[in-house]
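Okay, here's what each chain looks like letter by letter:
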Amino acid sequence: MTAPATIREFEERLAELAGTMPKRLRQCADFVAANQDRIAVSTVAEMADGAGVQPSAFMRFCQIIGFSGFSEMQKLFRDSYVGGWPDYRTRLKHLRETAAGSPVALLAEFTDAGRTSLEGLLKTVEPAELEKSVELLSGAAMIHIIGLRRAFSVATYIAYAFERMNVPAMLHGAVGGLANYQAVRPGDVVIAISFAPYTAETVAFAEQAAGNDIPVIGITDTVVSPLRPFSATTLSVSEVDFGAFRSLSATLGLAIALTVAVGAARNGS
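Figured I'd write up the structure that's included with this text. (Residues numbered from 1 in each chain as written. Predicted model: local features only at pLDDT ≥ 70, side-chain atom pairs only at ≥ 80, totals over all residues. Heavy atoms only, no water.)

Focus: the overall build of the protein chain
Along the protein chain, the regular secondary structure elements total 12 helices and seven strands. A buried classification covers 43% of the 269 residues belonging to the protein chain. Within the structure as shown, the protein chain displays about 13300 Å² of accessible surface, and the carbon and sulfur contribution to it stands at 57%. (Helix = DSSP H or I, 4+ residues; strand = E, 2+ residues; numbered from the N terminus. Buried < 20%, exposed > 50% of the residue type's maximum accessible area, 1.4 Å probe, protein only. Areas by Shrake-Rupley, 256 points an atom, 1.4 Å probe, with all protein chains shown as cover.)

A few points about the packing of aromatic side chains
Applying the stated criterion across every chain yields a total of five aromatic pairs. On the numbers, 6.2 Å between centres and 40 degrees between planes, the contact of F10 with F67 is tilted. Taken together, the residues span a long stretch of sequence, with F10 in helix α1 (residues 7-18) and F67 in the loop between α5 (55-65) and α6 (70-80) at a distance of 57 residues. Its relative accessible area of 4% is what places F67 among the buried residues. A centroid spacing of 5.6 Å and a plane angle of 45 degrees characterise the contact between Y181 and F205, whose relative ring orientation is tilted. Taken together, the residues span a long stretch of sequence, with Y181 in the loop between β2 (169-172) and β3 (189-193) and F205 in helix α11 (residues 200-211) at a distance of 24 residues. (Phe/Tyr/Trp six-rings, centres within 6.5 Å; stacked < 30°, edge-to-face > 60°.)

Observations regarding the packing of helix α4 (residues 44-51) against α5
Two elements in contact, α4 and α5, have axes separated by 8 Å at closest approach and are oriented at 100 degrees. As judged from the angle between their axes, α4 and α5 are roughly perpendicular. On α5, the residues touching V44, A45, M47 and A48 of α4 are P55, F58 and M59. Taken together, the residues of the contact of α4 with α5 sort by class into seven nonpolar, no polar and no charged. (Axes fitted to C-alpha atoms, helices over the stretch in contact; angles between N-to-C directions. Parallel < 35°, antiparallel > 145°, perpendicular 65-115°, else oblique. Contact = heavy atoms within 4.5 Å. Nonpolar A, V, L, I, M, F, W, Y, C, P; charged D, E, K, R; others polar.)

What follows is the structure, encoded as structure tokens:
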């Protein structure tokens, strides 16, 4: 198997092979998919530690993808980011060393991470997928929105914005274990939002809808997200983290753009 020549080829191969990998290699796949920004600047030991496996297992993962080893995979990512690789790690490291833990330092760190996430949004969202999402939502009889845990605030915002723009929408929260599958009818569209670690209830809702031929718009992160197989179209978001805490800067930016585009299309028709 030849090595992927582009990041897109890498993502497609990762999505294709991840489901067939044994447990340890799947851990590598999940970690890499959620942390592509770390590949260019990390050692194989650091990547293996992040995935919770031995370096030898991570090297085996690289070979299954088609690379001779980690160095070749890292080169692909370093070459892809020449001239555009964000320097937020250097800035965050400096803040940690000079004012670790102070409120002002934390504000600066999260602001910087949010800025980088927003700058990457145009790279992760495919224009054709966004256009298709707006087209599907503009023609929906009812828009069903589900996003739990960290995604709940995003789902709530989308429902609020649609309400204010007189777009028929229903927010699902799985309260009391009630999924309300029966509320989804032919002609409706589902927006399902989930990020690693993925929420089983959200994935199940998307699967149920897709099984009934209801279009699903997935807002998610990695190429191995369990939402992707059930989504008619997928909007990809990558949030830069600090100290294992991820903001929602890019996700909310996407939510605002999506809802306003749909509101404009529906109210203009």
